[in-house]
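Take a look at the letters that make up each chain.
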Amino acid sequence: MSKGLTVADIDSPAKLTVSPSGALTGNNGVYTKHLADMAGVYRDSAAYDAAISAEGGDALVYRVESQDYGPHSGALTIGTSTLLPGRYGDEFAVTRGHLHAISDRAELYYCLSGRGVMLLETVDGRSEAVELTPGEAVNVPGEWIHRSVNVGDEPFVTLFTYATDAGQDYQLIADAKGMKNLVVADGDGGWMLRENPDHIGYKRA
Ligand code: ZN
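Residues numbered from 1 in each chain as written. Predicted model: local features only at pLDDT ≥ 70, side-chain atom pairs only at ≥ 80, totals over all residues. Heavy atoms only, no water.

J.: Help me understand unusual backbone geometry in this model?
T.: Its identity as a non-glycine residue notwithstanding, Glu143 has a phi of 75°, on the positive side. Checked against the element boundaries, Glu143 lands in the loop between strand 11 (137-140) and strand 12 (145-150). Phi is positive for Lys177, which is not a glycine, with a value near 60°. With respect to the helices and strands, the residue Lys177 is situated in the loop between helix 2 (171-175) and strand 14 (181-185). What makes Lys177 partly exposed here is its relative accessible area of 44%. (Helix = DSSP H or I, 4+ residues; strand = E, 2+ residues; numbered from the N terminus. Buried < 20%, exposed > 50% of the residue type's maximum accessible area, 1.4 Å probe, protein only.)

Following this line, the structure appears as structure tokens:
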């Protein structure tokens, strides 16, 4: 036992049931992001506005279910992320993306269903895109900004885990006017990367 902890401070193990649909039984937190929450995220603002008009700002973009024990040192957050399919112009549906507030914290993403890409960038300009299909995972090292992208026709569902104290910095991407690369349709049923013309580089606070 760590110094300073008493038996009463030790958490009881949580049993979780993980569904390929993204349902996480045993969760103690759920949040959802809707179309209206994604203002400024997609580069084709006309396509985004058209989607708001057609589907409404309340349309679901993604849902996250998670379980944690609070931000004790070393404790894990376990969760599922379900990102619905969608296109805004030729850009695929994305999560907002973040760098961990404690930036050296790593994260595992394991694909449960659908087809997606984990878009990964560093503050100093490295960029990688890792395609994930069910059974595939990416072990995201610390210092990598990360965002899920749904490049398929079904919900892209991942199981994730990270140290709870990592936190999330969402502002870094917003301040840079988006990530350096966009994941766009290649015109042949697949995806490709295209440089985001608006990106002005990451500046860490
Ligand atoms: Zn993360």
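J.: For this particular structure, what's the right way to read the packing of aromatic side chains?
T.: For the coordinates displayed, the defined rule picks out four aromatic pairs. Judged by centre distance (6.1 Å) and plane angle (50°), the ring pair of Tyr109 and Phe160 falls under tilted. You can see Tyr109 sitting in strand 8 (residues 107-113) and its partner Phe160 sitting in strand 13 (residues 156-163), a full 51 residues away along the chain. With a relative accessible area of 6%, Tyr109 lands in the buried category. Given the relative accessible area of 7%, Phe160 is considered buried. Arg87 extends its terminal NZ or CZ atom over the ring of Phe92, reaching a point 5.6 Å from the ring centre. (Phe/Tyr/Trp six-rings, centres within 6.5 Å; stacked < 30°, edge-to-face > 60°. Lys NZ or Arg CZ within 6 Å of the ring centre and 35° of its normal.)

J.: How should the coordination of the zinc ion be read in this particular structure?
T.: Think of it this way: four donors in a tetrahedron around the metal ideally sit 109.5 degrees apart, and six in an octahedron ideally sit 90 or 180 degrees apart. Listed as protein donors to the zinc ion are His98 (NE2), His100 (NE2), Glu107 (OE) and His146 (NE2); their distances from the metal cover 2.0 to 2.2 Å. Coordination at the zinc ion is irregular, judged from the four donor atoms that bind it and the angles of 84 to 163° they form at the metal. Every donor residue of the zinc ion comes from the same chain, spaced as H-x1-H-x6-E-x38-H. Of the two residues, His100 sits in the loop between strand 7 (91-94) and strand 8 while His146 sits in strand 12, which places them 46 residues apart along the sequence. (Donors = N, O, S within 2.8 Å, 3.2 Å for Na, K, Ca; no water. Tetrahedral: all angles 85-135°; square planar, octahedral: opposite > 155°, others 65-115°.)

J.: Explain the pairing of strand 4 (residues 60-67) here, please?
T.: Each regular strand carries side chains that alternate between the two faces of the sheet. Across the eight residues that make up strand 4, a large majority, six, are buried. Relative to strand 4, strand 3 (residues 29-34) is paired through six bridges, and the arrangement is antiparallel. The residue bridging Lys33 from the neighbouring strand is Tyr62, located in strand 4. In this structure, strand 4 lies alongside strand 5 (residues 76-83), joined through six bridges in antiparallel fashion. Of the residues in strand 5, the one forming a bridge with Arg63 is Thr82. (Pairing = 2+ DSSP bridges.)

Nothing here speaks to function; it is geometry throughout.
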